Structures are given as C-alpha cells and as structure tokens.
Amino acid sequence: MYLETIDTPQDVKKLTIHQCSVLAEEIRQALIQTVSSTGGHLSSNLGAVELTVALHYVLDSPADKIIFDTSHQCYTHKILTGRKEAFLDPARYKTYSGYTNPQESIHDLFKFGHTSTSVSLACGMAKMRDLNGTKEHVAAVIGDAALGGGEALEGLNYAGAEIKGNLIIVLNDNQMSIAENHGALYHHLNVLREHEGRCVWNLFTALGYAYIYVPDGNDMAQLVPAFEQAKEMERPVVVHLCTVKGKGYPSAEACQEESHFVKPFSPEQGIRPVQIAGERYDKIVRDYLLEKMRKDPLVVAMVAAVPNVLAFDAQTRQAMGSRYIDTGIMEEHAISMAAGIARNGGKPVFATRSTFIQRTYDQISQELCINRMPVTIILVNASVYAPTDMTHMGLFDIPMLSNIPELVFLAPANKQEYLAMLEWSMEQNEHPVVIRAPRNGVYEAGYVPDADYGRLNRYLVTRSGRETAIIAAGDFFQLGEETADLLEQVAHHKVTLVNPRYLSGTDKELLDSLKENHHTVVTLEDGVLDGGFGQKIAAYYGCTDMKVLNYGFRKEFTDYYDTSAMLTRNRLRAEMIVEDICKGAAVCTETKKETGI
C-alpha cells in the first residue's frame, strides 16, 4: 500500500502520477471504512480525493498555502499531512477535528466550518505575499455551491482586478450543494461544462482570470498538468474541475444529498435514510407548513442550501412547488428577499441553523426590523444539544438577536406552543419574528398555550409559589420543572415556575409582582449568558434586594464538547442549581438575622 508510506506531502511527490491514482483509491477506501464507523462528511470528501492529492503533488505545502473553503472536504488533506492514523483507525478519528485546524498542523491555515470564505482569505494571503516580495503560491479550494455565497463573489470580484501575482482558485464543480444547486451561476457552470470550458461567455475570464478547464476532476492525469500550468501563471487563475460528489462509492453517488453528512452505516448495505423513532420537530413543522400551504397561497417556505433543517426532502420540495425557495448559501439575500416577499403581501417562513444566522445580522436589523417586515424565521440547532464542534455551536443567537429593536424572539417550551407561535407569526403583520426551535425532544404542553402573542413580553406562570421563582426559557423549561420539583422537596413549599416565551423583552409587571413574596429569581437559558436573556432579568432587579442567579453557558468556543459534561461544567443540573439556591437562601437568612431586617 502506498498510503502506509505517506507521512508528509513530500512523500506524495516521490510517486508517479499512476501511483498517485492508486494512492487516491486507497485513501477513498479508508475514508469509506472510517466514516461508515464514525460518521462524518462523506460524499464531499470522496469527490475531492484526487484534487487534494494532485494539489499536494504539485504545490509545496506548507510553504505554499492551501485554503479549503468550509473545510468539510479536508479529510484527504489531513491524511497527507501527518494525520492518517485518524482515518485508518476509527478509534482515533476524534483525535482530530473534522475541519482544518492550525493547532493540529502547520499545513492548516484557518479553523472554520462556514462557507464562501476561502477566496477572500486567499486574497489576503496573496496580498501580503506580494507586499513581502516572496514567491509562495496561494490556492483556494472552493465548491460550486460555496462560490454562490456573497463573500465568495466579493472575493472573486476583488482578486480578478487587484491581485497581481499568482492566485489559484480551484473550483470543485460537482453540481451539488447539500441538495441541488439553485441560481443562474450554476446554469453558467453547466454551460461551461457542455462546451468543455470553451464558451464565449465566461464569467471568470470576464472578471480578469486565466481559466483552465478540467473535464474529469477525479483523474490524476488531467489534474496534475492543470495545476502545474496554474502554478506557473503570474496572475489569478480559476481551475474549473468537474468532479462527482461521492465519487467511487456507488451508494454515495446515488444518494448525494443523503451522504453529504452521515451517521455510522454499513459499507456493504450503503447509505440509507436515518430512521429516528418518535416525534421530531423538523417533521412536525414541515407537515404543518405543507398543510398551511394547501390552505393559504401566500405562504412561502425558504431555506439557504440546508433543506434538511425542516426535513424538506425531495418529495416535500416537489409538493411545495414554486413556493419552496432555496436561495443557496446566501442568507443575506434570503432575509432581504423574505422582506420583499412580505412587503408584497406574502407570508415568508425562513428556516436556518443558529450558527448560520450570524451571516445576516445586518439584513435582519435593517431590512426586517427597521421596516418591521412580518417575516418568520425558524432557528434550529440553537442549543447545547445540537452539533458540538466550535464552528457550528448554536449558543450565541440569544445575545445576537434579542437586542435588535422591533424583533420578537420567541422560545417555545413544547409542541403546542411552538405551533401556536408559528401560526400567530404567520398571520400577524406588525413584527419580524424569530422562533427558536426546541432541541431537547418533543414535549406536550401541560396547559393550553396562548394563540395570540401580539401583547408582547408577557410571561406565563405555570406554577405559583413563594420565595424562589424559576424563569426557564425554551428547551430549558423542562430543566426548570425538574429544578422546581427538587427544590420543593427540599424547601417544603411551592416554587414559582415561569415560562417566559419571549427572549427579546422583560415582563416588568410580573417581575415587579415577584418582589412581594420572593427573595430569589433563577433564570435558565440554553445559550451563552453574556448579553443574554438572564442578564436582562438581572439588570431589571439591579437596584432591588432581589437575588438573581443566571444559568447558561460561558462565553467561549468549545470544540467537540461532551454535552453531559458541558451541562455539568456550567452547573446546569437540577441538583446543582438547588444547591446554589439553598446556599443563597441561607446567606440571605443569616444576613436578615444580623441586620434585624
């Protein structure tokens, strides 16, 4: 096996092109075996094996710089740069990140898991190279889906005119995003494919790039000379590779959408849809929207390249027809487009992940909130129970969104409340609304939820008591229930439990009423504490004697955390919270005795 002899990119250069092809196939089989055991990004990595081997064969990393956009196709790169044990031994897979990481290797330049950034990063590195008068090569590897993102187009626009030296943009064109591509750019790439790169109308040459077309981007014999030609150019160049997502594994090639990211599977049986027992919020909301669309022609469902956020499979997308909109990886465009739909009488519902909403803060603030456009945003994976790598953490949206004026940010605690909030949001025409989808399992309401949330910032008291009030938001409401139950056993009296529902405001009337017979208020939120919901409550009580305990997460990036350990480390366990409450109550009692209050 050639793979056993590869420890650095220099070892790749010792092989012939034919031997590199054999190496690529060995890597592909290792990826299939490992990812089938561990889960991970499969089809994107299988399609990028040869281009990565060829890049390292031609370039000289780490002197030459290679930036993988999103970096969810970097497994081969890791294998070639000293980390192959993670892909030969599944037990060591989690030794390394699933994305590039400079802390792991000098061959990795950035840590990220978001998209459309590589061209801009490469522009910066190429610009500094030119200022320093050095000669290293800079390459950005970007997929066709990522190329449609706003920052990628900005970088492409800049580099074509402003970068004077060599800059290699490797366009990995596999005709796929997570699902199918959408937009005119992809029609253009298809035309270039049909004319084998010799089309008169060429976006890249029009922007000032040299252009090299590679009809089979999974063929080492075509890749190596293309990269050698690109390496010699003293100007920016686009190397357009036609690859196959899932290349070399028939099941992944046949199920390109399902194999983008996979749970463990049997290599012999192939990729199969994951069946999760019980109810799931994505399917509950999907079915609700389908029924809503049947009754109301004004309803429009929108995503930005992630249809799986609400289980919008191919059959669902077909059923929705033209009222299903996938903007591609363009959240900024999606929000502005939703505002336009709302302005013209539509009822847009945009669903995305918490970690991706960060890209469109400005559009939410300007187009939606200043103009008070009645757009509904469903935020998924906004939770400690969501993906755990630092690039996809869903714990930062509460501080980001809850402080934008005019935005109504709702956190349902159960299924009935979630659907009631969604129904209200779609039928009202005064507010932009974000609904934070629960992630801790589907719970039934123990009460009849309100149908109207237009009387803003009215919290719901689900249990009345004294001394201690627990305000538990969203999918931490169940933790609030557990904490209240345990505290009542210890304190031998009823505890007040509040479902705040609104993350974007305070119920001053309720908070004032708690002063009458409560000495402690506890807040629970599934997000970072700094700038979050609990601090609004603490600030409101700042000039009073009310003791406020805020529970949530520290402001930090934590990579591949263990969820249970993460909860424990932040004292988000019922027994820990009760311990803190009792300690505080003892201090308060002792102080009262000493002061005579």
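Keep in mind the model is a prediction, meaning the values are calculated, not measured.

1. Details of the packing of helix α16 (residues 331-343) against helix α18 (residues 361-370)
Inference 1: The interhelical angle for the contact between α16 and α18, taken along N-to-C directions, is 10 degrees, at an axis separation of 9 Å. With respect to α18, the element α16 is oriented roughly parallel. On the side of α16, the interface is formed by Glu 332, Ile 335, Ser 336 and Ala 339, while α18 contributes Gln 363, Ile 364, Glu 367 and Leu 368.
Inference 2: Taken together, the residues that form the contact of α16 with α18 break down as four nonpolar, two polar and two charged.

2. Here's the deal with the packing of helix α2 (residues 17-38) against helix α4 (residues 49-58)
Inference 1: Viewed as axis vectors pointing N to C, α2 and α4 meet at an angle of 135 degrees, and their least axial separation amounts to 9 Å. Taken together, the axes of α2 and α4 are oblique relative to one another. Handedness of the α2/α4 crossing: right-handed. Residues Ile 17, Cys 20, Leu 23, Ala 24, Ile 27, Arg 28 and Leu 31 of α2 form the contact with α4, whose participating residues are Val 49, Glu 50, Val 53 and Tyr 57.
Inference 2: In terms of residue class, the contact of α2 with α4 is made up of nine nonpolar, no polar and two charged.

3. A few points about the nonpolar core
Inference 1: One finds Ile 27, Leu 42, Val 53, Phe 227 and Val 239 to be the most contacted residues of the largest nonpolar core, which totals 55 residues.
Inference 2: Sequence-distant contacts of Val 53, defined by excluding residues within four places in its chain, comprise Val 12, Cys 20, Leu 23, Ala 24, Ile 27, Thr 76, Leu 80 and Met 220.
Inference 3: Ranked by size, the runner-up nonpolar core spans 41 residues in total, among them Ile 325, Leu 368, Leu 401 and Phe 409.

4. Here we look at unusual backbone geometry
Inference 1: The residue after Ser 61, namely Pro 62, is reached through a cis peptide bond having omega 15 degrees.
Inference 2: Mapped onto the elements, Pro 62 comes out in the loop between α4 and β2 (65-68).
Inference 3: Of note in the backbone geometry, Glu 406 takes a positive phi value of approximately 75 degrees without being a glycine.
Inference 4: Along the chain, Glu 406 falls in the loop between α19 (397-401) and β12 (408-410).

5. Notes on the confidence of the model for the protein chain
Inference 1: Overall, the predicted model of the protein chain reaches an average pLDDT of 94, with 97% of residues at or above 70.
Inference 2: Confidence over residues 587-597 falls short of pLDDT 50; this stretch has two contacts with residues more than four positions distant or in other chains.

6. Remarks on the pairing of strand β5 (residues 210-214)
Inference 1: Burial analysis of β5 places five of its five residues in the buried class, which makes it a mostly covered element.
Inference 2: Here β5 shows a buried face lined by Ala 210, Ile 212 and Val 214 and a second buried face lined by Tyr 211 and Tyr 213.
Inference 3: Examined bridge by bridge, β5 and strand β6 (residues 236-242) share five bridges and lie parallel to one another. Across the sheet, the residue bridging to Ile 212 is Val 239, located in β6.
Inference 4: Read as a crossover between parallel neighbours, the route from β5 over helix α12 (residues 220-231) to β6 is right-handed.

7. So, the sheet that holds strand β3 (residues 138-143)
Inference 1: The strand order across the open sheet built from five strands is β2-β3-β4-β6-β5, with neighbouring strands paired in parallel fashion. The open sheet is flanked by β2 and β5, the only strands paired with a single partner. When the angles between neighbouring strand axes are averaged without regard to direction, this sheet yields 20 degrees.
Inference 2: Judged from the five bridges that link them, β3 and strand β4 (residues 167-173) form a sheet pairing that is parallel. Bridge pairing in β4 places Ala 140 opposite Ile 169.

8. Observations regarding the packing of aromatic side chains
Inference 1: Following the criterion strictly, the structure yields 14 aromatic pairs and no others.
Inference 2: For the ring pair Tyr 75 and Phe 87, a centre distance of 5.2 Å and an interplane angle of 40 degrees mean the geometry is tilted. With Tyr 75 in helix α5 (residues 75-83) and Phe 87 in helix α6 (residues 85-88), the pair connects residues that are twelve residues apart, well separated along the chain. The two residues Tyr 75 and Phe 87 agree in class, both being buried.
Inference 3: Residues Tyr 281 and Tyr 418 carry aromatic rings whose centres are separated by 5.3 Å and whose planes lie at 55 degrees to one another, so their mutual orientation is tilted. Residue Tyr 281 is located in helix α14 (residues 281-295), and its partner Tyr 418 is located in helix α20 (residues 415-427); the two are separated by 137 residues in the primary sequence. Each member of the pair, Tyr 281 as well as Tyr 418, carries the same accessibility label: buried.
Inference 4: Three or more aromatic residues joined by ring pairs form one cluster here, namely Tyr 75, Phe 87 and Tyr 93.

9. A look at the side chain of Ser 383
Inference 1: As for its position among the elements, Ser 383 is in the loop between β11 (376-380) and α19.
Inference 2: If we ignore the near neighbours within four places in the chain, the residues touching Ser 383 are Gly 394, Leu 395, Arg 436, Arg 439, Asp 475, Asp 526 and Tyr 561.

10. Focus: the side chain of Arg 28
Inference 1: With respect to the helices and strands, the residue Arg 28 is situated in helix α2.
Inference 2: Looking at Arg 28, the relative accessible area reads 1%, which means it is buried.
Inference 3: Among residues more than four places away in sequence, those in contact with Arg 28 are Leu 46, Val 49, Glu 50, Asn 218, Lys 247 and Gly 248.

11. Quick notes on the sheet that holds strand β17 (residues 518-528)
Within a sheet, neighbouring strands are paired by backbone hydrogen bonds and run either parallel or antiparallel to one another.
Inference 1: Spatially, the five strands line up as an open sheet ordered β14-β16-β15-β17-β18, and their pairing is mixed. On the outer flanks of this sheet lie β14 (460-463) and β18 (547-553), each paired with one strand and no other. If you compare each strand with its neighbour and ignore which way they point, the axes differ by 25 degrees on average.
Inference 2: In this structure, β14 lies alongside strand β16 (residues 496-499), joined through three bridges in antiparallel fashion. Following the sheet pairing, Leu 460 is matched in β16 by Asn 499.
Inference 3: Packed on one face of the sheet, helix α21 (residues 477-491) meets β14, β15 (467-472), β16 and β17 and runs near 165 degrees to β15.
Inference 4: Each of β15, β17 and β18 touches helix α23 (residues 533-540); the most contacted strand, β17, lies at about 155 degrees to it.

Rules used in this analysis
- Residues numbered from 1 in each chain as written.
- Predicted model: local features only at pLDDT ≥ 70, side-chain atom pairs only at ≥ 80, totals over all residues.
- Heavy atoms only, no water.
- Axes fitted to C-alpha atoms, helices over the stretch in contact; angles between N-to-C directions.
- Helix = DSSP H or I, 4+ residues; strand = E, 2+ residues; numbered from the N terminus.
- Parallel < 35°, antiparallel > 145°, perpendicular 65-115°, else oblique.
- Contact = heavy atoms within 4.5 Å.
- Nonpolar A, V, L, I, M, F, W, Y, C, P; charged D, E, K, R; others polar.
- Left-handed = near helix turned anticlockwise from the far one by under 90°.
- Core = buried A, V, L, I, M, F, W, Y, C linked by side-chain atoms within 4.5 Å.
- Buried < 20%, exposed > 50% of the residue type's maximum accessible area, 1.4 Å probe, protein only.
- pLDDT = per-residue confidence, 0-100.
- Pairing = 2+ DSSP bridges.
- Right-handed = clockwise from strand over helix to strand, strands pointing away.
- Phe/Tyr/Trp six-rings, centres within 6.5 Å; stacked < 30°, edge-to-face > 60°.

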